[in-house]
Amino acid sequence: MTEVQQPPSESTTRLNSYVGFDSITQQIEHKLLKRGFQFNVIVVGQTGLGKSTLINTIFASHLIDTKGRLEADEPIRQTTEIQAVSHIVQENAVRLRLNIVDTPGYGDLVNNENCWDPIVKYIKDQHSAYLRKELTAMRDKHIPDTRIHAALYFIAPTGHTLKAIDIVVMKRLSEVVNVVPVIAKSDSLTLEEREAFKQRIRAELAHHQIRVYPFDTEENDDEERQLNGAIRNMMPFAVVGSERNVIVDGKPVRGRKNRWGVVNVENEAHCDFNYLRNFLTRTHLQDLIETTAQIHYEAFRSKQLLALKESSAAKSQQAQHVGA
Ligand SMILES: Nc1nc2c(ncn2[C@@H]2O[C@H](COP(=O)(O)OP(=O)(O)O)[C@@H](O)[C@H]2O)c(=O)[nH]1
Ligand SMILES: [Mg+2]
């Protein structure tokens, strides 16, 4: 009688069942699922463009998948400091700790020079905290990750061109983080205006050589390249946010009600909110996390370590001088 090798199943104990290294994918999956994922996003842009509102909308739209709608919230408060809002969202067996960092707007002042500094500093501080943990002798097996995986950059829906400040800030941000531009309050543009504005922004980004996410790396296969190409063609996502539910077909949805009708933020005919959410938390989640570690954090890390080496070399030279 020949024995049939059985693939591992929940009912057989792990040790005496068939074990091949093809089971590694299940092992990894099991471990990752147990640990859950941490995903950190920051929102950046001028005051009043709907950053805090969009954060609220993203969370509300996720919570509907599991727990039903949030009720209409407290009135809007002005954001005065950099502040993280965090919720655990779950889809099937996967737990995602979604952390969105809200920032006070800038651009209200006459002189906006270096107004982006606190945001760039915040992003670098997270890299630096991670590096410090990584370098301690008794480093934790799992370092809590606060590194920012994506920066949503809010563009005012002027329908004209980018402002000088948009170009400067996106350029600076793209050096330290994955930048995802969005057109804020896009309900104020007609569909034609929106399309023309998107095209103009893409042309300007290219002209100023601002590298926004997603960009292709050598590791990408054809399918990924195609998907990235499609996303780049619809960038920037034209979003609408709302802190209120409106009733559409008898069901409450996040939306904005006007005299002439209702914008349902999750309706793809109305705006790109769904595309943005799927892009961030589904199709590109893992890639955003990886690019952050392998490109942005790595650049920071090697710079810091080099500086550290140089300063210790200088110190030991000094010590030799003193000793001589
Ligand atoms: N028309 C429109 N108004 C919006 C949208 N998102 C937010 N708002 C409104 O814009 C104002 C400022 O929003 P807020 O989220 O505080 O902006 P923040 O300063 O960028 O955080 C509020 O009155 C919001 O109700 C949107 O998508 N469309
Ligand atoms: Mg705000």
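Below you will find a few notes about this structure. Residue indices begin from 1 for each chain and proceed along its sequence in written order. Written order decides the labels, with chains lettered from A and ligands numbered from 1. Only residues with pLDDT of at least 70 get local features here, since the model is predicted, and only at 80 or more are side-chain atom pairs given and counted; chain-wide, interface and lining totals rely on the full set of residues. For the side-chain quantities, the full set of heavy atoms in the structure was used; hydrogens and water were omitted.

1. Here's the deal with the overall build of the protein
To keep it simple, the criterion reads: For the purposes of this entry, the term helix denotes a DSSP run of H or I that reaches at least four residues, the term strand denotes a run of E that reaches at least two, and both are numbered from the N terminus. Categorising residues by exposure relies on relative accessible area from a 1.4 Å probe, with only protein chains included: less than 20% of the type maximum marks a residue as buried, more than 50% marks it as exposed, and the intermediate range marks it as partly exposed. Any two residues whose heavy atoms approach within 4.5 Å are treated as being in contact. Each accessible area is a Shrake-Rupley result for a 1.4 Å probe, and residues are judged covered by the shown protein chains and nothing else.
Tallying secondary structure elements over the protein gives eight helices and nine strands in all. Here the protein holds 324 residues, and 39% of them are scored as buried. Across the protein, the fraction of contacts at a sequence separation of at least 24, relative to all contacts at a separation of at least 6, is 71%. As displayed, the protein has an accessible area near 19400 Å², and 53% of this comes from carbon and sulfur atoms.

2. Comments concerning the environment of valine 41
Take valine 41: it is sitting in strand 1 (residues 37-44). For valine 41, a relative accessible area of 2% gives the class buried.

3. Examining the site of ligand 1
What counts is decided by this rule: Any residue with a heavy atom lying within 4 Å of a molecule or strand is counted as near it. By the criterion applied in these results, polar contacts are pairs of N or O atoms within 3.5 Å in which, for protein atoms, one can donate a hydrogen and the other can accept it, and in which residues neighboring in sequence qualify only through two side-chain atoms. Under the scheme applied here, ten amino acids are nonpolar (Ala, Val, Leu, Ile, Met, Phe, Trp, Tyr, Cys and Pro), four are charged (Asp, Glu, Lys and Arg), and all others, including Gly, are polar.
Taken together, the neighbourhood of ligand 1 is formed by 14 residues, with Gly48, Lys51, Thr53, Asp187 and Gly241 sitting nearest. Interatomic distance of 3.2 Å between a side-chain N/O atom of lysine 185 and an oxygen atom of ligand 1. When the free accessible area of ligand 1 is taken as 580 Å², the share hidden by the protein chains comes to 77%. With three residues, the top contributor of residues to the shell around ligand 1 is helix 2 (residues 51-66). Tallied by class, the residues present in the shell around ligand 1 amount to three nonpolar, seven polar and four charged.

4. Some words on helix 3 (residues 117-135)
Every α-helix winds through 3.6 residues per turn, so residues three or four apart in the chain are directed the same way. As a reminder, the rule being used: Helices are assigned an expected span. That span is 1.5 Å times one less than the residue count. Throughout, the arc means that of the directions going from the helix axis to the C-beta atoms.
Taking 1.5 Å as the rise per residue, helix 3 with 19 residues should run 27 Å; its terminal C-alpha atoms sit 26 Å apart, in good agreement. Buried residues of helix 3: Ile119, Val120, Ile123, Gln126, His127, Tyr130 and Leu131, and no others. Seen along its axis, helix 3 keeps its buried residues to an arc of 135°; they face one direction. Counted as exposed and oriented over 90 degrees from the buried face of helix 3: Lys121 and Arg132.

5. A look at the packing of aromatic side chains
One pair of aromatic rings is described through two measures. These are the centre distance and the angle between the planes. The following threshold applies: Here the aromatic set is Phe, Tyr and Trp, taking the six-membered ring for Trp, and pairing holds for ring centres within 6.5 Å; pairs whose planes are under 30 degrees apart are stacked, those over 60 apart are edge-to-face, and all others are tilted.
Inspection of the entire model under this criterion finds four aromatic pairs. Here the aromatic rings of tyrosine 130 and tyrosine 297 are separated by 5.2 Å at their centres, their planes lie at 85°, and the arrangement is edge-to-face. Of the two residues, tyrosine 130 is situated in helix 3 and tyrosine 297 in helix 8 (residues 285-323); the sequence distance between them amounts to 167 residues. Among the residues examined, tyrosine 130 registers a relative accessible area of 15% and is labelled buried. Between phenylalanine 237 and phenylalanine 279, the ring centres sit 5.4 Å apart and the planes meet at 45°, which makes this aromatic pair tilted. A residue pair is termed long-range when its members are at least 10 positions apart, and phenylalanine 237 in strand 6 (residues 237-238) and phenylalanine 279 in helix 7 (residues 273-283) qualify at 42 residues. You can call phenylalanine 237 buried: its relative accessible area is 1%. Residue class for phenylalanine 279 comes out buried when judged on its relative accessible area of 1%.

6. Quick notes on the pattern of salt bridges
Basically, it comes down to this: In the sections that follow, a salt bridge refers to a side-chain nitrogen of Lys or Arg positioned within 4 Å of a carboxyl oxygen of Asp or Glu.
Following the criterion strictly, the structure yields nine salt bridges and no others. Its salt-bridge partner being aspartate 187, residue arginine 256 comes within 3.9 Å of it at the nearest N-O pair. Within this pair, whereas arginine 256 is found in strand 8 (residues 251-258), its partner aspartate 187 is found in the loop between strand 5 (179-183) and helix 5 (191-207), the two being separated by 69 residues in sequence. In this structure, arginine 232 engages aspartate 216 in a salt bridge whose closest nitrogen and oxygen atoms are separated by 3.1 Å. A residue pair is termed long-range when its members are at least 10 positions apart, and arginine 232 in helix 6 (residues 222-234) and aspartate 216 in the loop between helix 5 and helix 6 qualify at 16 residues. We classify arginine 232 as partly exposed; its relative accessible area is 31%. Linked by salt bridges that have partners in common, Glu134, Glu298 and Arg301 make up one network.

7. Considerations on a negative patch on the surface
Test applied: Patch construction takes residues with relative accessible area above 30% that form no salt bridge. Like charges are linked within 9 Å, and nonpolar side chains (Val, Leu, Ile, Met, Phe, Trp, Tyr) are linked within 5 Å. Charged residues are defined narrowly, with Lys and Arg counted positive, Asp and Glu counted negative, and His plus the chain ends left uncounted. Every charge is mapped to an atom, namely NZ of Lys, CZ of Arg, CG of Asp or CD of Glu.
Residues Glu218, Glu219, Asp221, Asp222, Glu223 and Glu224 make up a contiguous surface patch of negative charge. The class for glutamate 224 is partly exposed, based on a relative accessible area of 36%.

8. Let's talk about the sheet that holds strand 7 (residues 245-248)
The line we're drawing: By the convention used here, strands pair only if DSSP detects at least 2 bridges between them. The axes used here are C-alpha line fits, helices contributing only the stretch in contact, and every angle between their N-to-C directions lies in the interval 0 to 180 degrees.
One open sheet holds the three strands; their spatial order is 7-8-9, and the pairing between them is antiparallel. Each having just a single partner strand, strand 7 and strand 9 (261-264) make up the two edges of the open sheet. Taken pair by pair, the neighbouring strands of this sheet meet at an average axis angle of 65°, ignoring direction. The sheet contact formed by strand 7 and strand 8 spans four bridges and is antiparallel. In the sheet register, valine 246 faces strand 8, and the bridge partner there is valine 253.

9. Here we look at a nonpolar patch on the surface
On the surface, a cluster of nonpolar side chains totalling about 230 Å² of accessible area is made up of Ile24, Ile28 and Leu32. In this fold, isoleucine 28 is placed in helix 1 (residues 24-35).

10. Description of a positive patch on the surface
Where like charges cluster on the molecular surface, the positive patch consists of Lys31, Lys34, Arg35 and Lys141. Structurally, the position occupied by lysine 141 is in the loop between helix 3 and strand 4 (150-155).

11. Focus on the side chain of threonine 57
Position of threonine 57 among the secondary structure elements: in helix 2. By relative accessible area, which is 0% here, threonine 57 ends up buried. Discounting residues that sit within four places of it in the chain, threonine 57 has contacts with Gly241, Ser242, Arg254, Val265 and Phe273.

In short, geometric facts, not functional conclusions.
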